[in-house]
Amino acid sequence: MAAADAAGRREAQMAPQKARLRYHCVEIIAGPGGCKAAMELTKQRLLSADAPRLPLATCDTPAQCECRYKHHDDRRAGPRRAAEAGSNVRPWAQENRRKARGRRDADFE
């Protein structure tokens, strides 16, 4: 019985963990009446490994700091490609505006 309990504990310890995202980042959300240092970092995404610890070193009220992190899977925000933004992906594929035939032999057949 003891061997079965030990094997069960070992399996629980070796349970698969959630994969770490390569570009996981955080955004600092200033609390009510946030300090100037936190306000300067708002709307900036920082890699988790590079993000400063809270309360910030230059915080005006570190004992009463209510700043927090907002987690994101990626540093990039918003659509990055034309298709994601809703614009026409291939503007050149609309209509054939050429008036004359081409110069290839196959164009004269």
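All of these numbers come straight from a predicted model, not from anything done at the bench.

A.B. asks: Explain the sheet that holds strand E2 (residues 45-47) residue by residue, including any values.
C.D. replies: Read from one edge of the open sheet, three strands run E2-E1-E3, paired in antiparallel fashion. In this open sheet, the two strands that pair with only one neighbour each are E2 and strand E3 (68-72). Sheet twist, expressed as the average angle between the axes of neighbouring strands with direction ignored, equals 40°. As defined by bridge partners, strand E1 (residues 25-29) adjoins E3 across five bridges and the pair is classed as antiparallel. Looking at the pairing, Glu-27 lines up with Lys-70 of E3.

A.B. asks: Can you explain the nonpolar core? Please cite residues and give values.
C.D. replies: Membership of the largest hydrophobic core is limited to seven residues, which are Ile-28, Cys-35, Ala-37, Ala-38, Leu-56, Cys-59 and Cys-67. Non-local contacts of Cys-67, meaning those with residues more than four positions away in its chain, are made with Ile-29, Ala-30, Gly-31, Ala-38 and Leu-54.

A.B. asks: Break down the pairing of E1 for me, citing the residues and quoting the values.
C.D. replies: Note on strand geometry: in a regular strand, side chains alternate between the two faces of the sheet. Most of E1 sits inside the fold, with four of its five residues counted as buried. The sheet contact formed by E1 and E2 spans three bridges and is antiparallel. From the neighbouring strand, Cys-25 faces E2, where its bridge partner is Leu-47.

A.B. asks: Got a sec to walk through unusual backbone geometry? Specific residues and values, please.
C.D. replies: Note the cis peptide between Leu-54 and Pro-55, where omega equals -5°. Here Pro-55 lies in the loop between E2 and E3. Even without a glycine there, the phi angle at Lys-43 is positive, about 60°. Given the relative accessible area of 76%, Lys-43 is considered exposed.

A.B. asks: Can you tell me about the side chain of Glu-27, naming the residues and giving the values?
C.D. replies: Structurally, Glu-27 is set in strand E1. In this structure, Glu-27 is buried with no salt-bridge partner, the nearest side chain bearing the opposite charge being Arg-45 at 4.4 Å. A polar contact of 3.0 Å, which involves the side chain of Glu-27, links it to the side chain of His-72. For Glu-27, the contacting residues outside a window of four places in its chain are Lys-43, Gln-44, Arg-45, Arg-68, Tyr-69, Lys-70 and His-72.

A.B. asks: Please set out the environment of Glu-40 residue by residue, giving values where relevant.
C.D. replies: Along the chain, Glu-40 turns up in helix H2 (residues 36-40). C-alpha separation for the pair Glu-40 and Ile-28, spaced twelve residues apart in sequence, amounts to 9.6 Å.

Definitions and limits used
- Residues numbered from 1 in each chain as written.
- Predicted model: local features only at pLDDT ≥ 70, side-chain atom pairs only at ≥ 80, totals over all residues.
- Heavy atoms only, no water.
- Pairing = 2+ DSSP bridges.
- Helix = DSSP H or I, 4+ residues; strand = E, 2+ residues; numbered from the N terminus.
- Axes fitted to C-alpha atoms, helices over the stretch in contact; angles between N-to-C directions.
- Core = buried A, V, L, I, M, F, W, Y, C linked by side-chain atoms within 4.5 Å.
- Buried < 20%, exposed > 50% of the residue type's maximum accessible area, 1.4 Å probe, protein only.
- Contact = heavy atoms within 4.5 Å.
- Lys, Arg positive; Asp, Glu negative; His and termini not counted.
- Salt bridge = Lys/Arg side-chain N within 4 Å of Asp/Glu carboxyl O.
- Polar contact = N/O pair within 3.5 Å; in protein donor to acceptor, adjacent residues only side chain to side chain.

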